[in-house]
Amino acid sequence: MAQTRSSQEKDIYRPEPATLAKVQPVTEMESFFELRLDSGKELGHMPGQFVEVSVAGIGEAPFGVSSSPTRQGSFHLLLRRVGNVSSALHRLKAGDKVGIRGPFGKPFPVDDAMKGQDILFISGGIGLVPVRSVIQYVFDHRRDYGAVTILFGTKSPADRLFVDETDEWKRQPDTVYLESVDRADASWKGNVGVITTLMPKITIDPVRTVAVICGPPIMYKFVLMELNKMGVPSERSYVSLERHMKCGVGKCGHCQINGLYACQDGPVFRYSDLIPVREAFR
Amino acid sequence: MGVVTVDLKMLNVWVEGLIRGGRVFGVQAKNNRFQFAPLLMAANLRLDYDVTVIPPKKYMQPAREDLLTFEGAAGFETCLDQEPFILIGVHPYDVAAIAQMDAVFSGDNVDVHYMTRRKQATVVACDVQAASANVFAGCMGTATVDKGFDILLTRVGDHYVVDSRTHKGEVILGNLVKAPKADAVSLARREQVWEDNRKYLRKHELRMAPETLPTLLEASCDHPVWEEKSQRCFSCGSCNMVCPTCYCFDVRDDVRWDLKGGARVRDWDGCMLRDFATVAGGHNFRKNRADRYRHRYYRKGKYMPAKIGHISCVGCGRCISACVTKIANPVEVYNRLLEVR
Amino acid sequence: MSNPRVAIFDFACCEGCQLQVVNLEEDILSLIALVDPVEWREAMSDHSDSYDIAIIEGSITRPEDVDRLKTIRERAKILIALGACATMGGINKLKNNFDLKEVRQAVYGAAAGMAHLNTEPTRALDEIVKVDFKVHGCPIDNRELGAIIRCLIMGKTPVIPTYPVCVECKKNEVVCRYEFNEICLGPVTRAGCGARCPSRGFWCFGCRGYAEEPNVAAASDVMDHYGKTVEDLKSRLTLFVGQQEFPP
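## Some remarks on the overall build of chain B
For step 1, the next point in the chain: If you tally the helices and strands in chain B, you get 12 helices and 11 strands.
For step 2, the next point in the chain: Here chain B has a C-alpha radius of gyration of 21 Å; the compact-globule value for 341 residues is 20 Å, and the two agree.
For step 3, the next point in the chain: Once the C-alpha set of chain B is aligned to its principal axes, its extents read approximately 65 × 60 × 40 Å.
For step 4, the next point in the chain: Taking all 341 residues of chain B together, the buried fraction comes to 54%.

## Here we look at the domain arrangement of chain B
Residue and element names in this part refer to chain B.
For step 1, the next point in the chain: Segmentation of chain B into domains returns domain 1 (3-62 + 74-200) and domain 2 (210-338).
For step 2, the next point in the chain: Centre-to-centre separation of domain 1 and domain 2, based on C-alpha positions: 26 Å.
For step 3, the next point in the chain: Each partner contributes to the interface: domain 1 provides 26 residues, whereas domain 2 provides 19 residues.
For step 4, the next point in the chain: Counting residues per element, the side of domain 1 that touches domain 2 draws most heavily on helix α2 (residues 92-106), at eight residues.
For step 5, the next point in the chain: Taken together, the residues that form the side of domain 1 that touches domain 2 break down as 17 nonpolar, seven polar and two charged.

## Overview of the sheet that holds strand β6 (residues 85-90) of chain B
All names here are of chain B.
For step 1, the next point in the chain: Reading across from one edge, β1-β9-β8-β7-β6-β2-β3 is the order of the seven strands in this open sheet, with mixed pairing throughout. The outermost strands of the open sheet, each flanked by one partner alone, are β1 (3-7) and β3 (33-38). Ignoring which end each strand starts from, the neighbouring axes of this sheet average 25 degrees apart.
For step 2, the next point in the chain: Alignment of strand β8 (residues 151-156) against strand β9 (residues 159-164), held across six bridges, turns out to be antiparallel. Each bridged residue has a counterpart across the sheet, and for V156 the counterpart in β9 is H159.
For step 3, the next point in the chain: Across the sheet, helix α1 (residues 8-21) is in contact with β1, β2 (23-30), β6 and β9; its angle to β1 comes to roughly 100 degrees.

## Quick notes on unusual backbone geometry
For step 1, the next point in the chain: The step from A:G102 to A:P103 runs through a cis peptide bond, and the omega angle for that step is 5 degrees.
For step 2, the next point in the chain: A cis amide bond links C:C138 to the next residue, C:P139, at an omega of -5 degrees.
For step 3, the next point in the chain: Checked against the element boundaries, C:P139 lands in the loop between β5 (133-135) and α6 (142-154).
For step 4, the next point in the chain: A positive phi angle is found at A:F162, which is not glycine, with a value near 50 degrees.
For step 5, the next point in the chain: Inspection of the secondary structure puts A:F162 in the loop between β9 (148-154) and α3 (163-171).

## What to know about the nonpolar core
For step 1, the next point in the chain: In this structure, B:A125 and C:I56 are the most contacted members of the largest nonpolar core, which totals 247 residues.
For step 2, the next point in the chain: Here B:A125 is in contact with B:V90, B:P92, B:V95, B:V145, B:F149, B:I151, B:L152 and B:L153, once residues within four sequence places are set aside.

## Here we look at the interface of chain B and chain A
For step 1, the next point in the chain: With 43 residues of chain B at the contact, the number on the chain A side is 42 residues.
For step 2, the next point in the chain: Of all the secondary structure elements, the ones that give two or more residues to the side of chain B that touches chain A are β4 (64-71), β5 (76-81), β10 (249-255) and α10 (289-308) of chain B.
For step 3, the next point in the chain: Per-element accounting of the side of chain B that touches chain A gives the leading share, six residues, to β5(B).

## A closer look at the pairing of strand β12 (residues 209-214) of chain A
Both faces of the sheet carry side chains from a regular strand, because those side chains alternate between them.
Residues and elements named next belong to chain A.
For step 1, the next point in the chain: Counted residue by residue, β12 has six buried out of six residues, so it is predominantly covered.
For step 2, the next point in the chain: When strand β8 (residues 118-124) meets β12, the two strands line up parallel, connected through six bridges. Of the residues in β12, the one forming a bridge with S123 is C214.
For step 3, the next point in the chain: Both β12 and strand β13 (residues 237-240) contribute to a ladder of three bridges, which runs parallel. Along β13, the bridge assignment pairs V212 with Y238.
For step 4, the next point in the chain: In this fold, the crossover linking β12 to β13 by way of helix α4 (residues 217-230) has right-handed handedness.

## Here's the deal with the domain arrangement of chain A
Residue and element names in this part refer to chain A.
For step 1, the next point in the chain: According to the domain assignment, chain A consists of domain 1 (16-104) and domain 2 (118-240).
For step 2, the next point in the chain: When each unit is reduced to the centre of its C-alpha atoms, the spacing between domain 1 and domain 2 is 24 Å.
For step 3, the next point in the chain: Across the contact, 14 residues belong to domain 1 and 13 residues belong to domain 2.
For step 4, the next point in the chain: Grouping the constituent residues of the side of domain 1 that touches domain 2 by class yields four nonpolar, seven polar and three charged.

## As for the sheet that holds strand β5 (residues 59-64) of chain A
Residues and elements named next belong to chain A.
For step 1, the next point in the chain: Ordered by their spatial adjacency, six strands build an open sheet running β5-β4-β7-β2-β3-β6, and the pairing between neighbours is antiparallel. Where the open sheet ends on each side, the last strands, each with one partner, are β5 and β6 (75-80). Geometrically, the sheet is characterised by an average inter-axis angle of 40 degrees between neighbouring strands, direction not taken into account.

## Observations regarding the interface of chain A and chain C
For step 1, the next point in the chain: Listed per partner, the contact involves six residues of chain A and four residues of chain C.
For step 2, the next point in the chain: Its residues assigned to classes, the side of chain A that touches chain C comprises two nonpolar, three polar and one charged.

## Quick notes on the packing of helix α2 (residues 27-34) of chain C against α6(C)
Residue and element names in this part refer to chain C.
For step 1, the next point in the chain: Where α2 contacts α6, the axes come no closer than 11 Å and their chain directions differ by 20 degrees. One finds that α2 runs roughly parallel with respect to α6. Once α2 is placed against α6, the crossing between them reads as left-handed. Listed contacts from α6 to D27, L31 and L34 of α2 are G146, I149 and I153.
For step 2, the next point in the chain: Of the residues assigned to the contact of α2 with α6, the class counts are four nonpolar, one polar and one charged.

Calculation criteria
- Residues numbered from 1 in each chain as written.
- Chains lettered and ligands numbered in written order.
- Predicted model: local features only at pLDDT ≥ 70, side-chain atom pairs only at ≥ 80, totals over all residues.
- Helix = DSSP H or I, 4+ residues; strand = E, 2+ residues; numbered from the N terminus.
- Rg over C-alpha atoms; globule rule 2.2 N^0.38 Å.
- Buried ≥ 20, exposed ≤ 12 C-beta atoms within 10 Å, placed from the backbone.
- Domains from an automatic or database assignment.
- Contact = placed C-beta atoms within 7 Å.
- Nonpolar A, V, L, I, M, F, W, Y, C, P; charged D, E, K, R; others polar.
- Pairing = 2+ DSSP bridges.
- Axes fitted to C-alpha atoms, helices over the stretch in contact; angles between N-to-C directions.
- Core = buried A, V, L, I, M, F, W, Y, C linked by C-beta atoms within 7 Å.
- Right-handed = clockwise from strand over helix to strand, strands pointing away.
- Parallel < 35°, antiparallel > 145°, perpendicular 65-115°, else oblique.
- Left-handed = near helix turned anticlockwise from the far one by under 90°.

Shown next, in the form of structure tokens:
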């Protein structure tokens, strides 16, 4: 019957060992993780791709990689504690072992459609996690891109992510960084309102701009409507969609969006390709 | 490779020999229905069956299987089932389904768990002798098959034509190699069986060529049939579970009592089940029954053809029988799409 | 880290679910390697008011039960409802279909008026206090209980099926009871038992309660097809799920 053996043939479901180099709480619900593959190899991802993270005995779940491949030696995740795996990861500490499969999926087109263009980043909540990978990539190849505009919205000031880093982003040349919170507290002096309230405050050249969008399901509809009003063609907007990408390799069926597999055809999609796809924005 | 004829007695002796030689699964009676099960004696084999409750996919992708094992944080080890086995009595529509699953699991990223079992399988197909209540393989081009099996058995009168097509088939033929070569009369009678099966395995009549389904579905997203039929859907996944071309799965970790070691287990899952598209945090991306119901028919008739080049329905009719509320008849659904809304 | 302290209590029930815990046999040693039982009337003589996990069998049928349940809830960090009586009222809830005076009379006869035989409409635990986890079934499946406890200790939310029993019938290649023209509650009942009854030739009694979003209306619609009536269906639903609420 079933026999265990170390695999000669590649097993697409078998994670490779990795070690947590750093675990740092960021908000009440979110922590930052730095990981290294035990093989010593780079993850080899592109911005927008995801990995499947295993905690033996707990399970496996997909998470977008939050660092750019230009920053070598390790890779970053930032996880909200919502499922079994993300909760278990929050209980781990530096030095603990996890399993990694991937990277999987289509990245943002940083080396083709985005090159030479102005870039508008729009992210809500932990939607900033995969977008940070793209932002870092763009800043690390700053001369390959035009003007950069970054919009980031969260529920409250306490939910803001990568606070130190976003301060650096503000200081980058030819870059605008704006943030908003749905509910302010006493200390908050900035914009209050959903992320679309930031959009009238920016000036972009709609036919020179590529939009990179990631956020909760509810955000897309309104942001895309606003972009349409601003004259950004749907062919120039890219979204990263959340689904249950259980296997990551196009088999298990859970992440299907009509005929598309989020794990293989996505999670990054060009908006114009999604217009006929009914299940895309739900 | 030879085509021979054997009488029932010889066939029995041959099957007894196979049983003595290794793992054999054959079609047998279960209550008032049939199933593939470990074959302990040739007399239990029921090649006259109509359809099995569950297709033979269960031997390539079991309802539950260990993908990996783990011990503490030491890492994961692959589990592979490498024992050879013989399946006896696989109907042509199921042979066609296995070929589709092979395409799914060997395409893009090779699934070594499925493929290891598949490589260990010797498939002895058998032409249909009794039509089940809901079979429509005749409409799907799967009433007969020309490839995808190692040996094909066809009953003609009081004997069988045994047609070995592969090396694996030759290996298990054994003494049957010496059986008399099939004569022109037997071969002609086999042709007649095939012609009859193509003609009569049509308990439901699909009023279109299957190849036209993707185009038809393209324009049918808003057809009222999805809402209408799904009102009576239990979201019980029976249609998924019994389908020879449904292969969606769930994966979870089971730990032993010591909480250190255990297995990563793969289970059958189904797109009709309520939480199939639910993500951590609770958002369900396909929460309406009608959307799940439509998804299944789109997957069979449009999404899978785009992926593997075949309509993912082989006309076995199992879903029609398994559905308690009788809403799962693909022929009825697809025919409805032809009607004016 | 010391093992969590576990107390097992019972209210109105047959204690059959606790018996299933005892029936873990050698696995019970594995279980008590993970938890420290501090009170369990059916299996030990100790008593304690200090525990982390309370496992409660039985439904609530008397005013004094309500107070006791609330006290347990206050003391326990995690409260687990064990079995159908605790999770949804169970068989005991049948009594809610009748006038309580008549019920007492029928059960206790001449003694019906005695004060300690006081009774109230039956309630499940979560109709009174917050329940953290439910171990469904009449009786429970002790392997499922084992898996749930292992999950809790590992800090993992156990995955309890939201889908109907049919899934497990099919996985086990059980011939559908409807093929025998029997009404089976499998299509509306929560899976997780491994299709225990249909595998042995019985219709599903619904002892694990409704699946999520059960389509009971669909079941009514097809009774004709099987030569049955909606009344037949209702009589079967009465046993366990008749009093259970579900979204229409």
